[in-house]
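Now for the letters of each chain:
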Amino acid sequence: MTFHPTLGVQHLELSRLLASFRGRQPLGLSGACSFSAPLSDLLHRQGQGGAPYGRWTMRTLEQVETVVQVLLDDVKAFGAPFLHSFDSIEDLIVRLEHAPRYQELRAHLAIACALTGRRAQAANVLGEYMEKVTCQRPPMLDQSRLFIESFVSHFRLAASLQDLPSGA
């Protein structure tokens, strides 16, 4: 058995709004994370090899305690600094701005910007989100339209939904 842990950063209000804008029940601490990194990537960036294979792999039951201790030590040494680098929603925005943004991350960034009063940036990111919707089909299209309409309504932003394909 090999462990493949990923550390995620969640802003509770952002996660709540994301669920709400999708017509889902907010899940609190079980909700969506806005930014994550595999622990193995964090180790590799610091020049540590062997993760996950070799470092976090158990071949026998006798190895459980040893491998789990290595994993815990790695979370403390490499995961904690990553998590502590997010002191505020502003830090989250900076990370999201510099990450490759697929549609889901655009949703997170748009909400984060709107929450911090960056209305123009939120509208621009929502525009990027909307560009991806034009090639979608139901049910993905329906979910995207609901997100856009809910976002615009909640944050009272003007957005043109007329160019989006209809859901039916």
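Reference entry: report on the structure contained in this document. On a predicted model such as this, the values are computed, not experimentally measured, just so you know.

Within the largest apolar cluster, 45 residues are counted, with the highest numbers of intra-cluster contacts made by Ile111, Phe147 and Phe151. By residue number, the principal contributor to this core is helix H5 (residues 103-115), which donates 8 residues. Setting aside residues no more than four positions away along its own chain, phenylalanine 147 makes contact with Leu18, Phe21, Ala107, Ile111, Leu126 and Tyr129.

Now for the environment of phenylalanine 78. Structurally, phenylalanine 78 is set in helix H3 (residues 64-84). The buried category is assigned to phenylalanine 78, whose relative accessible area is 17%. Sequence-wise, phenylalanine 78 and leucine 42 are 36 residues apart; in three dimensions their C-alpha atoms are separated by 6.2 Å. Phenylalanine 78 has contacts with Leu39, Leu42, Leu43, Gln46 and Gln48, leaving out every residue within four places of it along the chain.

Residue alanine 51 is joined to proline 52 through a cis peptide bond whose omega torsion reads 0 degrees. Along the polypeptide, proline 52 turns up in the loop between helix H2 (39-45) and H3. Backbone torsion omega between proline 138 and proline 139 reads 5 degrees, so that peptide bond is classified as cis. Residue position: proline 139 is located in the loop between helix H6 (119-133) and helix H7 (140-155). In the Ramachandran plot, arginine 156 falls in the positive-phi region, its phi being about 55 degrees despite a non-glycine side chain. Summarising the element assignment, arginine 156 is placed in the segment after H7. A relative accessible area of 72% means that arginine 156 is categorised as exposed.

Definitions and cut-offs
Residues numbered from 1 in each chain as written. Predicted model: local features only at pLDDT ≥ 70, side-chain atom pairs only at ≥ 80, totals over all residues. Heavy atoms only, no water. Core = buried A, V, L, I, M, F, W, Y, C linked by side-chain atoms within 4.5 Å. Buried < 20%, exposed > 50% of the residue type's maximum accessible area, 1.4 Å probe, protein only. Helix = DSSP H or I, 4+ residues; strand = E, 2+ residues; numbered from the N terminus. Contact = heavy atoms within 4.5 Å.

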